[in-house]
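# Working through the structure, step by step
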Amino acid sequence: MTGKEIREAFLSFFEGKGHTRVKSSSLIPANDPTLLFTNAGMVQFKDYFLGKDKPPFKRATSCQKCMRAGGKHNDLENVGRTGRHHTFFEMLGNFSFGDYFKKEAIEFAWELVTSTFKLPEEKLFVSVYEKDDEAYEIWNKVIGIPEEKIYRLGEKDNFWAMGDTGPCGPCSEIYFDRGKEFACGDNCGIGKCDCDRFLEIWNLVFMQYERDANGKLKPLARPSIDTGMGLERIASVLQNVPSNYETDLLFPMVKWASETAGIPYGKEEKTDVSMRVIADHLRAMTFLIADGCLPSNEGRGYVLRRIIRRASRHGRLLGINRPFLSQGVNVVIETMGDVYPEIVENRQFIKEVIEKEEARFSKTLEKGLELLQEVVDKIKNGNERKIPGEEIFRLYDTFGFPLDLILEVANDERLEADIEGFENLLKQQKERARKAWKGGIQKVVSPEITEFSEKHPSTFRGYETLETTTRVTGILKGESLTEELKEGEEGIVFLEETPFYPEKGGQVGDTGFIENTNCKCRVLDTQNITENLIGHRVKVERGTVKTGAVVRATVDRERREAIKRAHTATHLLHKALKEVLGNHVKQAGSLVLPDRLRFDFTHFESLKDEELNRIEKLIFKWIIENLPVVTEEMPYDAAIERGATALFGEKYGDIVRVVSVGDVSVELCGGTHVERSGDIGMFVTISESSVSSGTRRIEAVTGFKAWEKEKEERNIVNQLKAILQSKEGEVVQRVEKLKEELKTSEKEIERLRKKLATAGIDEIVSSAPVINGIKVVTAKIDGYTGKELAEIADVIRNKAGTSALMLVSSKDGKNSLLIALTKDITDRFKAGNIIREIAPILKGKGGGRPDIAQGSAQDLSKLNDAFQTFKKLFEQQ
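The present account deals with the structure reproduced in this document. Not measured: the values here are computed from a predicted model.

What counts, and where the lines are drawn
Residues numbered from 1 in each chain as written. Predicted model: local features only at pLDDT ≥ 70, side-chain atom pairs only at ≥ 80, totals over all residues. Heavy atoms only, no water. Helix = DSSP H or I, 4+ residues; strand = E, 2+ residues; numbered from the N terminus. Buried < 20%, exposed > 50% of the residue type's maximum accessible area, 1.4 Å probe, protein only. Contact = heavy atoms within 4.5 Å. Areas by Shrake-Rupley, 256 points an atom, 1.4 Å probe, with all protein chains shown as cover. Polar contact = N/O pair within 3.5 Å; in protein donor to acceptor, adjacent residues only side chain to side chain. Axes fitted to C-alpha atoms, helices over the stretch in contact; angles between N-to-C directions. Parallel < 35°, antiparallel > 145°, perpendicular 65-115°, else oblique. Left-handed = near helix turned anticlockwise from the far one by under 90°. Nonpolar A, V, L, I, M, F, W, Y, C, P; charged D, E, K, R; others polar. Pairing = 2+ DSSP bridges. Phe/Tyr/Trp six-rings, centres within 6.5 Å; stacked < 30°, edge-to-face > 60°. Disulfide = S-S within 2.5 Å.

## Describing the overall build of the protein
Scanning the protein for helices and strands turns up 25 helices and 34 strands. Counting every position in the protein, which comprises 877 residues, the buried fraction comes to 49%. Pairs at least 24 residues apart make up 68% of the contacts formed inside the protein by residues separated by at least 6 positions. Carbon and sulfur atoms make up 47% of the accessible area of the protein, which amounts to about 42,300 Å² in all.

Here it is, written out as structure tokens:
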């Protein structure tokens, strides 16, 4: 069976057993701050297992894209070295949400592996949790597996938990015996070793308990099933190949790496490892970028950067000394594009991101080699034999320099490397990263508020009205519910019905008033406290507001209208960005305020003025066309079929709200919008900037704020016209002319300054002592930058011949220090080493090449001491 046939056979089998086929979710978990990546099939169903959401089906089956690199589940360092470890892989699974349990799960699994996949029963073995007699009895009595083929294993191997607390339960695993040729020794076996002979092909998790904070297990009222089968692993068994890399799911990428390098696969283990790394990492980078992840220096982006650079490094080990990975994307798409259309749609963007990251890595290698050489020179000059762990870690972590290349250079230079020190620092860094992971913090709601929200849910009326008469259902002061808030006090008021929009989807919450004859409360903000409870943060300006009171709730109309203009404008901006830049653009965040809007999107470079102009022109065109803005509710699948844009990382229910602007834009959105595009009035971009690597940000204003912005810029032009005494069409040319005149004047001033500086060079050179055949020049020349000092040093060296210079200059409160040597003495002296010895005398620091080094000085009170120390270096030759 091909990989495609295995995937389809699994899903079709469970559809035939009453399961709903659910498509794979993104590799970036939706609304789950605890995970870097989706690492199992159950992740998208997590809220169903936790009881937070009610599943729309009782049974489900899926083939889930998974990623295990970084965080708790990290297979990165093993990838390529074994035949079954991967960063990216596909997880087949079937799930029951309080429907069937152990008996049916085990029966389904056995039927699939023996009847559909036709694996011989004599080669199949199973394990159960040592205390799970129920599962043991089902395997033994119902299925008929002999006792000697059922292994009871401990909690480490056969008990699964979602976390330290929460749903958990025993699991049962199915193993396939690949034969003695895969054994690690005479005594290998299930539970004894981790070799490839007894290959675990399926894990059945029986979620039947909830573990509390004290570690106590409490039976769940509705136990569930979560199973996982690695597609690559079962394919290696069914296709009878030695490892996952020889399956038709991965071998096309291995073959491509082999052909690109011109080295046959299977010739040597060392080169085979590199080809497997490239094959695995190609899939990972392709799917991560397609799902919206971009290279950066933190979180998910850092993992992606490491994957691209690791693959690039292994390419170099194969002799591929050029950027090449982007071409491998085509092979991934040819192999998997029919199942995952997102990689086809984003082909060009994926390739461009990889090309840029590989080019960046090439520069890193050049810089890293230079820095590493400085470290090596320093160690050798100090008669030491070991590269410190701190230096290895600095090169690895700060500059992304590969560890194996550091070790290679160390070996060439006959130096040792402090690997233990490096690994300790790496461990500390990973712990810091784990603690600092800011994927998000889920709001913790007290049991009291959770119970209150179930009894008194809020009904939102803000789409159809901006004011309504309603009843106060509760008041929150601090962390506790209370009966009233008095004049001057602040708290959160809950209403039976509310026209106030709670902050979500990037749109800020409404403000306004809640009042009656006994009180007047200013609404400062509106937030969702729980999914069905809207909280109004208020300050009581008059009287006392009480629970149970009938009040009039009124939204600030002018502010809401401004927010509506900005929100509809973000939809048009999103569409215009796709039109101008390409379909790779995805919304990465937004903020809709009454006075401005902010829109973050995926793109790998800054926008050109011409691109920004085209974007603004498109939006202006759609505004003046006065397109109707229509909102509808419909099933999610129907909305997607209609072409609606579902925002990356958002989680949607079965019924969604769709906002359409004419035929231009269709998006899933719960926000408030204008009735026609013309109501936006004006749209003006105020900035375009970088948020992080691969993510750009546009800020803009609409309506009256846009008019104010245009008026402000018009006033500036009028002022310039008056100052320059020019007509409007001549302002730019006049400024350009003044700029050229200024540049010419500055060059002339610079020429004269250098002339003045070099005028005294003859005196400086002639008065300098000759020490052991070297003219040793020390001088303080004020008024020059470090760059200018270097130019002066070149003039002095040319005049002095064999020489060593120490120059100091003060300018604008900064002291520059320069050490320069003529090339003929750099075999005995190194400028970089000298400056590291001299600079501390002046409370400064510096570094550089053997012939020239620069730095700074904080305290010049000991300048004469520094000059004398410099001279003595050459006396001690």
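After that view of the structure, there is still more to cover.
## Describing the side chain of T470
Tracing the sequence through the fold places T470 in strand 13 (residues 467-477). From its side chain, T470 meets the backbone nitrogen of E497 in a polar contact 2.9 Å long. Not counting chain neighbours up to four residues away, the residues in contact with T470 comprise L495, E496, E497, A549, V550, V551 and A553.

## Let's talk about the packing of helix 1 (residues 3-15) against helix 6 (residues 231-238)
Where helix 1 meets helix 6, the axes come as close as 10 Å, and the angle between the chain directions of the two elements is 115°. What the angle tells us is that helix 1 and helix 6 run roughly perpendicular. In the packing of helix 1 onto helix 6, the handedness of the crossing is right-handed. Contact residues: helix 1 offers G3, I6 and R7, while helix 6 offers L231, I234, A235 and L238. Grouping the constituent residues of the contact of helix 1 with helix 6 by class yields 5 nonpolar, 1 polar and 1 charged.

## Points about the packing of helix 8 (residues 269-290) against helix 10 (residues 325-336)
Packing of helix 8 against helix 10 leaves a shortest axis separation of 9 Å and a crossing angle of 80°. Taken as axis vectors, helix 8 and helix 10 run roughly perpendicular relative to one another. In this structure, helix 8 uses I278, L282, R283, M285, T286 and F287 to contact helix 10, whose residues at the interface are L325, G328, V329, V332 and M336. Here the contact of helix 8 with helix 10 is composed, by residue class, of 8 nonpolar, 2 polar and 1 charged.

## Some details on the sheet that holds strand 27 (residues 683-692)
The strand order 22-23-28-27 describes an open sheet built from 4 strands, whose pairing is antiparallel. Of all strands in the sheet, those with a lone pairing partner are strand 22 (587-592) and strand 27, marking the two edges. Put simply, the sheet's adjacent strands are angled 15° from each other on average, direction ignored. Bridging between strand 23 (residues 597-602) and strand 28 (residues 695-702) involves 6 bridges; their strand directions are antiparallel. The residue of strand 28 that forms the bridge with F599 is I698. Of the strands in this sheet, strand 22, strand 23, strand 27 and strand 28 are in contact with helix 17 (residues 557-581), which crosses strand 23 at around 25°. Seen against the sheet, helix 18 (residues 609-624) touches strand 27 and strand 28 and runs at an angle of roughly 135° to strand 27.

## Looking at the packing of aromatic side chains
The tally for this structure, following the rule as stated, stands at 30 aromatic pairs. With a centroid separation of 6.2 Å and 85° between ring planes, the pair formed by Y48 and F57 is classed as edge-to-face. Taking the centre distance of 6.0 Å and the plane angle of 80° together, the rings of W110 and W139 count as edge-to-face. Note that W110 is positioned in helix 3 (residues 102-116) and W139 in helix 4 (residues 133-143), a separation of 29 residues in sequence. Note on W139: relative accessible area 0%, which makes it buried. An aromatic cluster is built from F10, F13, F14, Y100, F108 and W202, whose rings are joined through pairwise contacts.

## Points about the state of the cysteines
As used here, a disulfide is simply a covalent bond connecting the sulfur atoms of two cysteines. Per the counting criterion, the structure on display carries 0 disulfides. Looking at the unpaired C195, the closest cysteine sulfur is the one in C193, lying at 3.6 Å. With a relative accessible area of 16%, C195 lands in the buried category. For C521, which is in no disulfide, the shortest distance to another cysteine sulfur is to C519 and amounts to 4.4 Å.

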